[in-house]
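Here are the chains, one letter per residue:
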Amino acid sequence: MRSGVIAQKVGMTRVFTEAGEHIPVTVLKLGNCQVVGHRTEEKNGYVALQLGSGARKTVYMPKAERGQFAVAKVEPKRRVEEFRVTADAMIPVGAEILADHFVVGQFVDVTGTSVGKGFAGGMKRWNFGGLRATHGVSVSHRSHGSTGNRQDPGRTFPGKKMAGHLGQETVTTLNVTVWKVDVERGLILVKGAVPGHEGSYVKVRDAIKKAAPADVKRPGAFRKAGEAPAAAAETPAEEAPAATTEEGEG
C-alpha cells in the first residue's frame, strides 16, 4: 500500500479530447509536498508516513511543532497529514513527492472538507418532501413537521434528522480518474469535481476499490532532499536553410 499526497485545490476547468468532447476536470497542485516524519511499528504501533504541504510562518507556531520540523530538516508546513502504508513503501524523510506519483487513467480517492452552507432546513439538508402546498397548511410548507412521539417516551431521540448546519464535513469521493499529470508545474488533473472550496487542501491516494495500474511507481515518485530537479531535455534548434546565391551573367 503506497502513500498518498496532500494537494491544494486550484479550481475547475475543462479540457478537450481529439474528438472535440469537453471533459470537466479539477486542478490539484502539489505545493512542495514533503515527508516530515515516520511512524513505525516498534515506536508507534503502526506504519505510516507523515506528509506536509504548503508554507507556514513560524511566528505563531508552537515550539514543539517547530522542533519537529527542525529535526526533520524540513521547512514548516501549513498542512500535515498521515498516510498508512506498508513497511516496503516507506519514503525517506525530507523527500518531495512529485506529480507523477499517479499515472494517467488511474483511479484515486480524494478526501476533503465540503463547502459550508450555514443553517439549512430539513428539505435542503435531508431532501425531505415538506408539508402540503395546498389546504390545511399555514405558512409552514417547508417545515419538517413533528419530530417526537407521544407521551411515551415524550422526547426527540438523539440523531433525528432535523434542520441544522449543512456542509463543512469530511467527504471522500471514490474512484476519480486521473486525466493528466504535469510534473514540471506539480499539477494533477482529475476528472469531475472533488470536495472543498478553491484553495483548500485535499488528500489524494490510490483507490481502495480499484486495482492500481501496474506501471505506478513504488514506493512512489519522489525527489530526495538536496537533489536538483531533473533538467528538461533540450530541443535541438532547427537547421537554417542553406543560403543560395545567384551567379550574375558575365
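Data block above holds the structure.
What counts, and where the lines are drawn
- Residues numbered from 1 in each chain as written.
- Predicted model: local features only at pLDDT ≥ 70, side-chain atom pairs only at ≥ 80, totals over all residues.
- Heavy atoms only, no water.
- Helix = DSSP H or I, 4+ residues; strand = E, 2+ residues; numbered from the N terminus.
- Buried < 20%, exposed > 50% of the residue type's maximum accessible area, 1.4 Å probe, protein only.
- Polar contact = N/O pair within 3.5 Å; in protein donor to acceptor, adjacent residues only side chain to side chain.
- Phe/Tyr/Trp six-rings, centres within 6.5 Å; stacked < 30°, edge-to-face > 60°.
- Lys NZ or Arg CZ within 6 Å of the ring centre and 35° of its normal.
- Salt bridge = Lys/Arg side-chain N within 4 Å of Asp/Glu carboxyl O.
- Pairing = 2+ DSSP bridges.
- Axes fitted to C-alpha atoms, helices over the stretch in contact; angles between N-to-C directions.

Asks: Help me understand the side chain of Arg-2, please; the structure alone is not making it clear to me.
Replies: Mapping Arg-2 onto the fold places it in the segment before strand E1 (5-16). Given the relative accessible area of 3%, Arg-2 is considered buried. Here the side chain of Arg-2 touches Lys-217 through a polar contact of 2.7 Å, landing on its backbone oxygen.

Asks: Hey, could you run me through the packing of aromatic side chains in this one?
Replies: When we look at a pair of aromatic rings, we describe it by the centre distance and by the angle of the planes. Across all of its chains, the model carries zero aromatic pairs by this definition. For the cation-ring pair, Lys-210 lies above Phe-107, with the distance from its terminal atom to the ring centre recorded as 5.1 Å.

Asks: Which parts of the structure should I look at to understand the pattern of salt bridges?
Replies: Following the criterion strictly, the structure yields eight salt bridges and no others. With a shortest N-O distance of 2.8 Å, Arg-185 and Asp-182 are connected by a salt bridge. Judged by relative accessible area, Arg-185 falls into the exposed class, the value being 55%. Exposure remark for Asp-182: the relative accessible area of 19% places this residue in the buried category.

Asks: What is the right way to look at the sheet that holds strand E2 (residues 22-29) in this model?
Replies: Working definition: the strands of a sheet are paired by backbone hydrogen bonds and lie parallel or antiparallel to each other. Reading around the circumference, E1-E2-E11-E10-E7-E12 is the order of the six strands in this closed barrel, with antiparallel pairing throughout. Strand-to-strand twist of the sheet, defined as the mean angle between neighbouring strand axes without regard to direction, takes the value 50°. Pairing geometry for E1 and E2, over eight bridges, is antiparallel. For Lys-9, the partnering residue across the bridge sits in E2 and is Leu-28.

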